[in-house]
Amino acid sequence: MLNFMKGSVFSRKQAELVPEEPAQDVQVLAVWGSPGSGKTTVSVRLAKYLADQKKNVALLLCDMTTPMLPCICPPSNLECERSLGSILAATHVTDLLIKQNCVTHKKLDYLTIIGMLKGENVFTYPPYSQELAAELIDHLRDVAPYIIIDCGSAIAHDILSAVSLLEADSVLRLVNCDLKSVSYLSSQLPLLKDQKWDADKQYKVASNIKSNQAGEHIESVLGNVAFKLPHSDELDNLALAGNMLGELTLKDSRGFRKGIARLAKEVFGV
Ligand SMILES: Nc1ncnc2c1ncn2[C@@H]1O[C@H](COP(=O)(O)OP(=O)(O)OP(=O)(O)O)[C@@H](O)[C@H]1O
Ligand SMILES: [Mg+2]
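Criteria and thresholds
Residues numbered from 1 in each chain as written. Chains lettered and ligands numbered in written order. Predicted model: local features only at pLDDT ≥ 70, side-chain atom pairs only at ≥ 80, totals over all residues. Near = placed C-beta within 6 Å. Nonpolar A, V, L, I, M, F, W, Y, C, P; charged D, E, K, R; others polar. Pairing = 2+ DSSP bridges. Helix = DSSP H or I, 4+ residues; strand = E, 2+ residues; numbered from the N terminus. Contact = placed C-beta atoms within 7 Å. Axes fitted to C-alpha atoms, helices over the stretch in contact; angles between N-to-C directions. Parallel < 35°, antiparallel > 145°, perpendicular 65-115°, else oblique. Left-handed = near helix turned anticlockwise from the far one by under 90°. Buried ≥ 20, exposed ≤ 12 C-beta atoms within 10 Å, placed from the backbone.

## Side note on the site of ligand 1
Then, number 1: Lining the immediate environment of ligand 1, one finds 19 residues, of which Gly 38, Lys 39, Thr 40, Thr 41 and Ala 239 sit closest.
Then, number 2: Among the residues making up the shell around ligand 1, the classes are represented as five nonpolar, 11 polar and three charged.

## Some remarks on the sheet that holds strand β6 (residues 170–175)
Then, number 1: If you trace the eight strands from one edge of the open sheet to the other, you get β3-β4-β2-β5-β1-β6-β7-β8, paired in mixed fashion. Lying at the two open borders of the sheet, with one neighbouring strand each, are β3 (103–104) and β8 (227–230).
Then, number 2: Set on the sheet, helix α10 (residues 254–268) makes contact with β1 (28–33), β5 (146–150), β6, β7 (202–209) and β8; between it and β8 the angle comes to about 150°.

## Structural notes on the environment of Pro 230
Then, number 1: When you line up the elements, Pro 230 lands in strand β8.
Then, number 2: Expressed as a C-alpha distance, the spacing of Pro 230 and Ser 207, which sit 23 residues apart in the sequence, is 6.5 Å.
Then, number 3: In contact with Pro 230, not counting residues within four places along its chain, are Ile 209, Gly 255, Phe 256 and Gly 259.

## Points about unusual backbone geometry
Then, number 1: With phi around 65°, Lys 54 is a residue other than glycine that occupies positive phi space.
Then, number 2: In this structure, Lys 54 sits in the loop between α1 (39–52) and β2 (57–61).
Then, number 3: With a phi angle near 55°, Asn 208 is a residue other than glycine that sits in the positive phi range.
Then, number 4: Tracing the backbone through its elements, the reader meets Asn 208 in strand β7.

## Points about the packing of helix α5 (residues 130–143) against helix α6 (residues 159–167)
Then, number 1: Packing of α5 against α6 brings their axes to within 9 Å, and their N-to-C directions diverge by 55°. It follows from the interaxial angle that α5 and α6 lie oblique. Considering how the two elements wind past one another, α5 and α6 form a crossing that is right-handed. Residues Gln 130, Ala 133, Ala 134 and Ile 137 of α5 pack against Ile 159, Leu 160, Val 163, Ser 164 and Glu 167 of α6.
Then, number 2: Taken together, the residues of the contact of α5 with α6 sort by class into six nonpolar, two polar and one charged.

## Quick word on the environment of Leu 59
Then, number 1: Inspection of the secondary structure assignment puts Leu 59 in strand β2.
Then, number 2: Considering only alpha carbons, one finds Leu 59 and Ile 113, 54 residues apart in sequence, at a separation of 4.8 Å.
Then, number 3: What Leu 59 contacts, discounting residues up to four positions off in sequence, is Ser 43, Val 44, Ala 47, Leu 111, Ile 113, Ile 148 and Asp 150.

## A look at the pairing of β7
Then, number 1: Within β7, six of the eight residues are buried, which leaves it mostly tucked inside the rest of the structure.
Then, number 2: The pairing of β7 with β8 spans three bridges and is parallel. By the bridge assignment, Ile 209 is partnered in β8 with Pro 230.

## Notes on the packing of α1 against α10
Then, number 1: Where α1 contacts α10, the two axes come as close as 10 Å, and the packing angle between them is 75°. Compared by their axis directions, α1 and α10 come out roughly perpendicular. Of the residues in α10, those in contact with Arg 45, Leu 46, Tyr 49 and Leu 50 of α1 are Ile 260, Ala 261, Leu 263, Ala 264 and Phe 268.
Then, number 2: Looking at the contact of α1 with α10 residue by residue, the classes come out as eight nonpolar, no polar and one charged.

Structure follows, in structure tokens:
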């Protein structure tokens, strides 16, 4: 039993962790992994893939240190300025409160986004409890049939990401093929093991694999990897241009696009 985090989000009783029967096998997917591994990129592209398939999808961006809403598409593509902070500042979460604070995309009708706005940080709003975070995830289930949560890596200090990991129906665990990712997992997995975290609901993903990296080598360190997502220069350039939701058309992106399609099929059956 780890007791250095007593009283924190990682000291929840096991009984509280029993998941409710989901309407479908996987409705809520948390995307988690080492810093810079591609969590936001994969969350955004997966959400776009589902939206392109005419599936209503809600994308929750947990990062309060680096709000990602201003980074994933030009601000002019978004309908209005609403913030995740307004939800977390409430005493209780309701379906209506979530709907009032969703940001819709002008060109992607099936996508709705919840995140912090440019300039906001963790101190912009009052502190929130893990119970409230759990309420948010629970009520999100009423808002959209597919929910993708872009978690932060610093789960010991980020209640929403930590609760998302525990409450999600399934988790993508991203790593890069480098020592940093291996070190991150060795450091953070013990926090979750203590919660009897359901290892069966996790998919290991080798992310942003570059041509000079031995994609196979990571398997010898991590065991079976369910998905491999190759590096794409085109995708990286879209991110640089602040348009992660843009179209990928070049041959260079084929491997990545196929990977996302396989992921959507396997996890959501879409
Ligand atoms: N498959 C990929 N091909 C090309 N570039 C990628 C790919 N995946 C991620 N990247 C790039 O890697 C960088 C980090 O990606 P991203 O911001 O999605 O990671 P993250 O895990 O969300 O990071 P953080 O820990 O800061 O939240 C970005 O520049 C992104 O464009
Ligand atoms: Mg991120």
